[in-house]
Amino acid sequence: QVQLVESGGGLVQPGGSLTLSCAASGSIFKINVMGWYRQAPGKQRDLVADITSTGGTNYADSVKGRFTISTDNAKKTVYLQMNSMKPEDTAVYYCYVDIMKSSYSPYWTRHWGQGTQVTVSS
């Protein structure tokens, strides 16, 4: 019923930039939070950034000042602009959305994108 489709991953050189997109569709009454996690080989999945429906943002310390999260509410899409990229940013990036499916829902449910590979290498 709810699907998130990611795009924009690929190979970029250190110091370069890349923008990820994640479009949500399906039974969505209201979006509470959209965000991004990433998982490098052999490591756990960690939060990169998130953004609330009111525009508040949160970033991992490792990406502060380099990454910017934003949304297009009409398109139900979240973006992650990644600048000054480092090899340590190499990972599979997963978007997520916390939503209400209807006006009668007492809570939000989380849904995940399929993941997109980002590789930072010379």
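Residues numbered from 1 in each chain as written. Predicted model: local features only at pLDDT ≥ 70, side-chain atom pairs only at ≥ 80, totals over all residues. Heavy atoms only, no water.

Asker: For this particular structure, what's the right way to read the environment of Arg 45?
Answerer: Mapped onto the secondary structure, Arg 45 falls in the loop between strand E4 (30-39) and strand E5 (46-52). Separated by 46 residues in sequence, Arg 45 and Ala 91 place their C-alpha atoms 9.4 Å apart. When residues no more than four places from it in sequence are discounted, the contact partners of Arg 45 are Tyr 37, Arg 38, Gln 39, Tyr 94 and Trp 112. (Helix = DSSP H or I, 4+ residues; strand = E, 2+ residues; numbered from the N terminus. Contact = heavy atoms within 4.5 Å.)

Asker: Help me understand the sheet that holds strand E8 (residues 77-82), please; the structure alone is not making it clear to me.
Answerer: Sheets are built from strands that pair by backbone hydrogen bonding, the pairs being arranged parallel or antiparallel. Pairing is antiparallel across the open sheet formed by four strands, whose spatial order is E1-E3-E8-E7. The open sheet is flanked by strand E1 (2-7) and strand E7 (67-72), the only strands paired with a single partner. Here the average twist between neighbouring strands, direction ignored, is 15°. (Pairing = 2+ DSSP bridges. Axes fitted to C-alpha atoms, helices over the stretch in contact; angles between N-to-C directions.)

Asker: Just checking my understanding: could you explain the side chain of Thr 116 for this structure?
Answerer: Here Thr 116 shows up in strand E11 (residues 116-120). The exposure class of Thr 116 is buried, given its relative accessible area of 11%. Polar side-chain contacts of Thr 116 include one of 3.4 Å to the backbone nitrogen of Gly 9. Contacts of Thr 116, omitting those with residues within four sequence positions, involve Glu 6, Gly 9, Leu 20, Ala 91, Val 92 and Tyr 93. (Buried < 20%, exposed > 50% of the residue type's maximum accessible area, 1.4 Å probe, protein only. Polar contact = N/O pair within 3.5 Å; in protein donor to acceptor, adjacent residues only side chain to side chain.)

Asker: Teacher, can you tell me more about the environment of Tyr 79 here?
Answerer: Structurally, Tyr 79 can be placed in strand E8. Between the C-alpha atom of Tyr 79 and that of Arg 38, which follows or precedes it by 41 residues, the distance is 14 Å. Setting aside anything within four residues of it in sequence, one finds Tyr 79 in contact with Leu 20, Ser 21, Trp 36, Thr 68, Ile 69, Ser 70, Thr 71 and Asp 72.

Asker: Sorry, what's going on with the pattern of salt bridges here?
Answerer: Opposite charge on two side chains lets them pair, provided their charged atoms get close. Summed over all chains, the structure comprises four salt bridges. One salt bridge connects Arg 38 with Asp 89, and the closest N-O pair in it is separated by 2.9 Å. Taken as a pair, Arg 38 in strand E4 and Asp 89 in the loop between E8 and strand E9 (91-100) lie far apart in primary sequence, 51 residues in all. Its relative accessible area of 14% is what places Arg 38 among the buried residues. For Asp 89, a relative accessible area of 1% puts it in the buried group. Close ionic contact of Asp 89 with Arg 66 constitutes a salt bridge, the shortest N to O distance being 2.8 Å. (Salt bridge = Lys/Arg side-chain N within 4 Å of Asp/Glu carboxyl O.)

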